[in-house]
Amino acid sequence: MLDLRRVRQFVVLAETLNFRRAAEKLHMTQPPLTVAIQKLEAELGLRLFERGGSGGVSLTPSGQAALAEARRLLFHNGQLLAAARGASQGTGGALRVGFVGSTTNGVLQRAVRLFRAEYPGVELVLKEGTSVRIAERIDSGDLDVGLVRTPLLMSSRARLAPLITEDFVAAIPLGNRLAQRPDIRMTDLADESFVFYAREDAAGLHAMAMLACQRAGFLPRITQEATQVQTVLSLVESGLGVALVPAVMQYNASPRLAYRSIADISPAAQVGLALLIVERGSPAAQRFHEVAVRCFAQA
């Protein structure tokens, strides 16, 4: 294997064509440089330079051919070192981020925009999924961090860093009588058909929405279920029922539905967004965690 120090010395000598000037550039004396070039030529079994007077040299045809490859070798070695250092410091490499669909309503964009501004050398690989699936992929090592909905009703080796806590609001089709009222109470929803969250795939949202209804003294009449919040809203737009959705979703305006705050919703039925991260994750994951917490603390 070639000694990269000798390759670098060869390139500097090839560019200066003088042992004295090359040695000065390399911050070494001339005799060790002469020995290094001789060893490189012996290693290759080729003469790279024709010696002249006063320390001057000229490249042989073999030396000319080797120069371009030597420069390329040094460049890629520098790239390799930079990539390795960047990954170890959290300023380079790739970061695999899982996210639930409801974070695309401004939440994901805010965190990604700030992270990219501060760490442009990190390649972000974004993967959408349910909170449960994201947690499973973090546990298996397929993802580094995840923006998930809470509560997350499962066990995991990762930890949660809360970002947002919010109440439910009611999503109501525009044709429904309740859409004409400025605000409503939970009891106003008791006789409505509900589009609800699937128990298995969206267990946290399902549990909190069910709790809100039961704290108000009724069991929801569920006519349709879905996993993602956006899918729930699409079904509400179709007139299949009302739904309880995280408050952040009301900024996703639609001409076919209305969002209404609920005056008496139980404070125990809050939902949130959190960052799921392994305790000793990659440096880039730790930096994403710091940026996300700071981003939402300011918000």
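Just so it is clear, the model here is predicted, and its values are computed rather than measured.

Here T150 and P151 are connected by a cis peptide whose omega angle stands at 5°. Its location among the elements puts P151 in the loop between strand 5 (145-150) and strand 6 (159-166). The residue L17 is not glycine, and still its phi comes out positive at about 60°. Among the secondary structure elements, L17 is positioned in the loop between helix 1 (4-16) and helix 2 (19-25). Given a relative accessible area of 34%, L17 falls into the partly exposed group.

Time to look at the nonpolar core. L95, F168, M186, L189, Y197, L244 and V245 are the most contacted members of the largest nonpolar core, which totals 77 residues. In terms of nonpolar packing, the next biggest core, distinct from the first, is built from 20 residues, A14, A22, V57 and L59 among them.

This part covers the sheet that holds strand 7 (residues 168-173). Backbone-to-backbone hydrogen bonds pair the strands of a sheet. The strands run either parallel or antiparallel. On the basis of which strands lie adjacent, the open sheet formed by three strands has the order 10-7-11 and antiparallel pairing. If you trace the sheet from one side to the other, it starts and ends with strand 10 (243-246) and strand 11 (257-260), each paired once. Ignoring strand direction, the axes of neighbouring strands in this sheet form an average angle of 35°. The sheet strands contacting helix 7 (residues 203-215) are strand 7 and strand 10, and the helix crosses strand 10 at an angle near 120°. Here helix 8 (residues 229-237) sits on the sheet in contact with strand 7, strand 10 and strand 11, set at roughly 140° to strand 10.

Spatial ordering of the open sheet is given by 4-3-5-12-6, a layout of five strands whose pairing is mixed. The open sheet is flanked by strand 4 (123-128) and strand 6, the only strands paired with a single partner. Here the average twist between neighbouring strands, direction ignored, is 20°. Taken together, the six bridges between strand 5 and strand 12 (residues 271-277) define a ladder with antiparallel strand orientation. When the bridges of strand 12 are listed, V145 appears paired with I277. Along the sheet face, helix 5 (residues 107-118) touches strand 3 (94-99), strand 4, strand 5, strand 6 and strand 12 and points at about 165° away from the line of strand 4.

Between the first and last C-alpha of helix 7 there are 18 Å, a value that for 13 residues agrees with the 18 Å anticipated at 1.5 Å per step. Along helix 7, the residues that are buried comprise G204, L205, H206, M208, A209, M210, A212 and C213. G217, located one to two residues past helix 7, shows a positive phi value of around 95°.

Under the counting rule described, the total for this entry stands at six aromatic pairs. Arranged with centres 5.2 Å apart and planes meeting at 45°, the rings of F115 and Y119 form a pair that is tilted. For the pair formed by F115 and Y119, the shared burial category is buried. Both rings, one in F194 and one in F218, keep their centres 6.3 Å apart while their planes meet at 35°; by these two values the pair is tilted. Of this pair, F194 sits in strand 8 (residues 193-197) while F218 sits in the loop between helix 7 and strand 9 (221-226); the two residues are 24 residues apart in sequence, bridging distant segments of the chain.

Moving on, we get to the pairing of strand 5. Counting buried positions along strand 5 gives six out of six residues, so the element sits mostly inside the fold. Burial along strand 5 is two-sided: V145, L147 and R149 facing one way and G146, V148 and T150 facing the other are all buried. Relative to strand 5, strand 3 runs parallel, the two being bridged by three bridges. Counted as the bridge partner of F99 is L147 from strand 5.

About the criteria used
Residues numbered from 1 in each chain as written. Predicted model: local features only at pLDDT ≥ 70, side-chain atom pairs only at ≥ 80, totals over all residues. Heavy atoms only, no water. Helix = DSSP H or I, 4+ residues; strand = E, 2+ residues; numbered from the N terminus. Buried < 20%, exposed > 50% of the residue type's maximum accessible area, 1.4 Å probe, protein only. Core = buried A, V, L, I, M, F, W, Y, C linked by side-chain atoms within 4.5 Å. Pairing = 2+ DSSP bridges. Axes fitted to C-alpha atoms, helices over the stretch in contact; angles between N-to-C directions. Contact = heavy atoms within 4.5 Å. Expected span 1.5 Å × (residues − 1). Phe/Tyr/Trp six-rings, centres within 6.5 Å; stacked < 30°, edge-to-face > 60°.

Just distances and angles here, no functional claims.
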